[in-house]
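Fold and contact review
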Amino acid sequence: MTTPDRPLDPTTIAVTAGRPTVAGDPLNTPLMAASNFIVDPTATDGRVYSRNEGTTQWEAFESAIGQLEGGPAVSFASGMAAISAILNLLEPGASVVAPADCYQGVTAILDQRAKSHGWNVRIIATTDTPAWLEAIDGQPDLLWIESPSNPMLEVADVPSLCSYAAERGVVAAVDNTFATPLLQNPLQHGATYAVHSATKFIGGHSDLLGGVVACASSAAADELRLRRSLGGATMGALEAFLALRGLRTLPVRLARSQETAGILAERLHQHAGVVRVAYPGLSKDPGAELAARTMSGPGAVLSFETIGDPSRLDVALSRLSIIHNATSLGGVESTIERRHRLPGQEMIPPTLLRLSVGCEHPDDLWQDLTGVLDALH
Ligand SMILES: Cc1ncc(COP(=O)(O)O)c(C=O)c1O
């Protein structure tokens, strides 16, 4: 194979990166189911045990994500394992700045560590850029950013926050799960870590758990690899295989889902059964201008609040025929969830529905949604 003479588009990198290159090799890294390797007793390197040295499966997946995000990547057993590996780097008494709207698992860990490890956690609204900049001036140990946010779809000024943090030597981690590596690359702006739940859009088929962190430096990646080795939260061989296979079609899945999300957001916005739509692709959305300026697209998740009472809404949701009532997101199949029902999510408006738009036809999805909305009158 020859090397292209100009930088490749990310959509091409998603398809080509991390493949074997030697004649006679298969096009895809074969599934390597191995914990143990035959060791040369006279050698000082080589694979010994897969929790430590990994497998070719990890390497292929990590290489692809690393090329997309622009820094060495480290895979994990889940998004939470990836997040925990970063949070576990902090000492007792550490100061952390985190967004008010954030994946609930992160909020739960921060709450816990504030109690058990004396962490000083400052919560700031995702969109309050001046407050974030002022917090960075206070030299916190970690800035945790999530954008667009789960489940309110708020947009942070990732380039401004990350570059300001980098100038001041503050470590910034960005949960890039909703944006995917195709719509936003935080390392380019000075973030130390870009974190993904590969369970979502990267895997794309709701059939695996995985996580991955792309790092700004080899030293940061080595530290996480050591933590992964000792913590044991490694990605399974099958999961890495499936995650990489999912990544190959991320560009086409995301393009389709994002376009459909835009169509549905517009229609929901006009529907009398909807009080409010949150989607940065909607021109009236408070995050629209920032998303258009800082991201290559608004993504494929949206939230909306309906009229009516929550129990009636639950009954209406049980009549869906195409969209699945399910908690996760980022799959080829559309999923919907009333987040307020979950423990710890009581602050979410009771009739807010988070919709992850899949690859079905927009008109079929709309018919399913109007069935729910019409039942609320
Ligand atoms: C934004 C975000 N980050 C992290 C996670 C955690 O990922 P996982 O479920 O793979 O552990 C989730 C899960 O929903 C998420 O939505």
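Let us look at the structure shown here. (Residues numbered from 1 in each chain as written. Predicted model: local features only at pLDDT ≥ 70, side-chain atom pairs only at ≥ 80, totals over all residues.)

Across the nine residues that make up helix α4 (residues 79-87), a large majority, nine, are buried. Turning to α4, its buried residues number three or more, namely Gly79, Met80, Ala81, Ala82, Ile83, Ser84, Ala85, Ile86 and Leu87. (Buried ≥ 20, exposed ≤ 12 C-beta atoms within 10 Å, placed from the backbone. Helix = DSSP H or I, 4+ residues; strand = E, 2+ residues; numbered from the N terminus.)

Attention shifts here to the site of the ligand. If you check the shell around the ligand, you find 14 residues, and the closest are Ser78, Gly79, Met80, Ser197 and Thr199. Grouping the constituent residues of the shell around the ligand by class yields four nonpolar, eight polar and two charged. (Near = placed C-beta within 6 Å. Nonpolar A, V, L, I, M, F, W, Y, C, P; charged D, E, K, R; others polar.)

Right, let's talk about the sheet that holds strand β7 (residues 211-215) for a bit. Spatially, seven strands are ordered β1-β7-β6-β5-β4-β2-β3 in an open sheet, and the strand pairing comes out mixed. The strands lining the two open edges of the sheet, one partner per strand, are β1 (73-76) and β3 (120-124). Pairs of neighbouring strands in the sheet enclose a mean axial angle of 20°, with direction left out of account. Both β1 and β7 contribute to a ladder of four bridges, which runs antiparallel. Its bridge partner being in β7, alanine 73 is matched across the sheet by alanine 214. The sheet strands contacting helix α3 (residues 56-69) are β1, β6 (193-197) and β7, and the helix crosses β1 at an angle near 130°. (Pairing = 2+ DSSP bridges. Axes fitted to C-alpha atoms, helices over the stretch in contact; angles between N-to-C directions. Contact = placed C-beta atoms within 7 Å.)

Helix α7 (residues 158-167) packs onto helix α6 (residues 129-137) with a crossing angle of 15° between their chain directions and a minimal axis gap of 10 Å. Accordingly, the angle class assigned to the pair α6 and α7 is roughly parallel. Handedness of the α6/α7 crossing: right-handed. Note on element contacts: α7 touches α6 through Ser160, Leu161, Tyr164 and Ala165, opposite Thr129, Trp132, Leu133 and Ile136. Residues belonging to the contact of α6 with α7 are distributed by class as follows: six nonpolar, two polar and no charged. (Parallel < 35°, antiparallel > 145°, perpendicular 65-115°, else oblique. Left-handed = near helix turned anticlockwise from the far one by under 90°.)

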